[in-house]
Amino acid sequence: MVGVQAPAMSILPRLALTILFALTPAAASAQMLVGQAEVVDGDTLEVGGERIRLFGVDAPESQQGCTRGGGNWACGREATQQLGSLIAGRSVRCEARDIDAYGRTVAVCRVGSLDLGQAMVQTGHAVAFRRYSTDYVGDEEQARVARRGLWASTFTMPSEWRAERGGWGGGG
């Protein structure tokens, strides 16, 4: 049987389709970033010069304080340090889920099999960011019941803390 071959698509329509695909959320979900990470704060990394917001979590801002045991506690700084401890100089693998309104990649990042966002919530150094995902709500509940990290203190939710200071409330 002899088939009929369709004419080759010119370069411009192919380029347009490539650009259209690259701008879709599906393309963001297929992007993988791998490398050494620099910790920006408790829910934000830089890998290869690209800023990455951890998917589904919200950690206190670096300057944010909490109250624990009747005294001030630098919970934001501790969250940043905790994320650095989890990474400990090892290579990070981030699977993009979205691009936020500020152009940052939003991704699930792992060191080996350890989901960094999940670990931050489990240790109480971040909360589940329910506005965007319910993936870590169970982990947050366990941390709250066990009074780990933030849950052993009095704190303002990070998004509320940012909003009170004129921040955009979207995280990181």
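Everything below is about the structure printed above this text.
Small disclaimer: the values here were computed from a predicted structure and weren't measured.

Quick look at the overall build of the protein chain
Inference 1: Within the protein chain one finds 6 helices and 11 strands.
Inference 2: When the 172 residues of the protein chain are sorted by exposure, 41% land in the buried category.
Inference 3: Once local pairs closer than 6 in sequence are excluded, the contacts in the protein chain between residues at least 24 apart make up 60%.

Topic: the state of the cysteines
Inference 1: On inspection of all chains with the given rule, the structure shows 2 disulfides.
Inference 2: A sulfur-sulfur separation of 2.0 Å characterises the disulfide bridge that pairs Cys66 with Cys75. The disulfide joining Cys66 to Cys75 has a torsion of about 65° about its S-S bond and is therefore right-handed. In this pair, the class of Cys66 matches that of Cys75, namely buried.

Looking at the pairing of strand S8 (residues 92-99)
Inference 1: Of the strand pairs in this sheet, strand S1 (residues 32-35) and S8 are connected by 4 bridges, and their pairing is antiparallel. Following the sheet pairing, Val34 is matched in S8 by Arg93.
Inference 2: The pairing of S8 with strand S9 (residues 105-111) spans 6 bridges and is classified as antiparallel. Looking at S9, one finds that Ala96 is bridged to Ala107.
Inference 3: Between S8 and S9, which follow one another and run antiparallel, lie 5 residues, and Gly103 among them has a positive phi close to 85°.

A word on the environment of Thr80
Inference 1: Here Thr80 is to be found in helix H3 (residues 75-87).
Inference 2: Among the residues examined, Thr80 registers a relative accessible area of 17% and is labelled buried.
Inference 3: Sequence separation of Thr80 and Glu61 is 19 residues, and the distance between their C-alpha atoms is 8.4 Å.
Inference 4: In this view, Thr80 contacts Val39, Val40, Asp41, Gly42 and Ser62; residues no more than four positions away in its chain are not counted.

Side note on the nonpolar core
Inference 1: Membership of the largest hydrophobic core comes to 26 residues, with the highest contact counts inside it found for Leu45, Val92, Cys94, Cys109 and Leu116.
Inference 2: Examining the composition of this core, we find that 5 residues originate from one element, S9, more than from any other.
Inference 3: Discounting chain neighbours no more than four positions away, the residues touching Cys94 are Gln31, Met32, Leu33, Leu45, Ile52, Ala107, Val108 and Cys109.
Inference 4: Cys75, Leu150, Trp151 and Phe155 belong to the second-largest nonpolar core, a separate cluster that totals 8 residues.

Topic: helix H5 (residues 137-146)
Inference 1: Looking at H5, one finds that the buried residues are Asp139, Glu140 and Ala143. Along the long axis of H5, the arc covered by the buried residues comes to 100°, so they all point the same way. Within H5, the exposed residues directed more than 90 degrees away from the buried face are Gln142 and Val145.
Inference 2: Taken together, the buried residues of H5 touch helix H4 (116-122) and strand S11 (127-128).

Parameters and conventions
Residues numbered from 1 in each chain as written. Predicted model: local features only at pLDDT ≥ 70, side-chain atom pairs only at ≥ 80, totals over all residues. Heavy atoms only, no water. Helix = DSSP H or I, 4+ residues; strand = E, 2+ residues; numbered from the N terminus. Buried < 20%, exposed > 50% of the residue type's maximum accessible area, 1.4 Å probe, protein only. Contact = heavy atoms within 4.5 Å. Disulfide = S-S within 2.5 Å. Pairing = 2+ DSSP bridges. Core = buried A, V, L, I, M, F, W, Y, C linked by side-chain atoms within 4.5 Å. Arc of directions from axis to C-beta.

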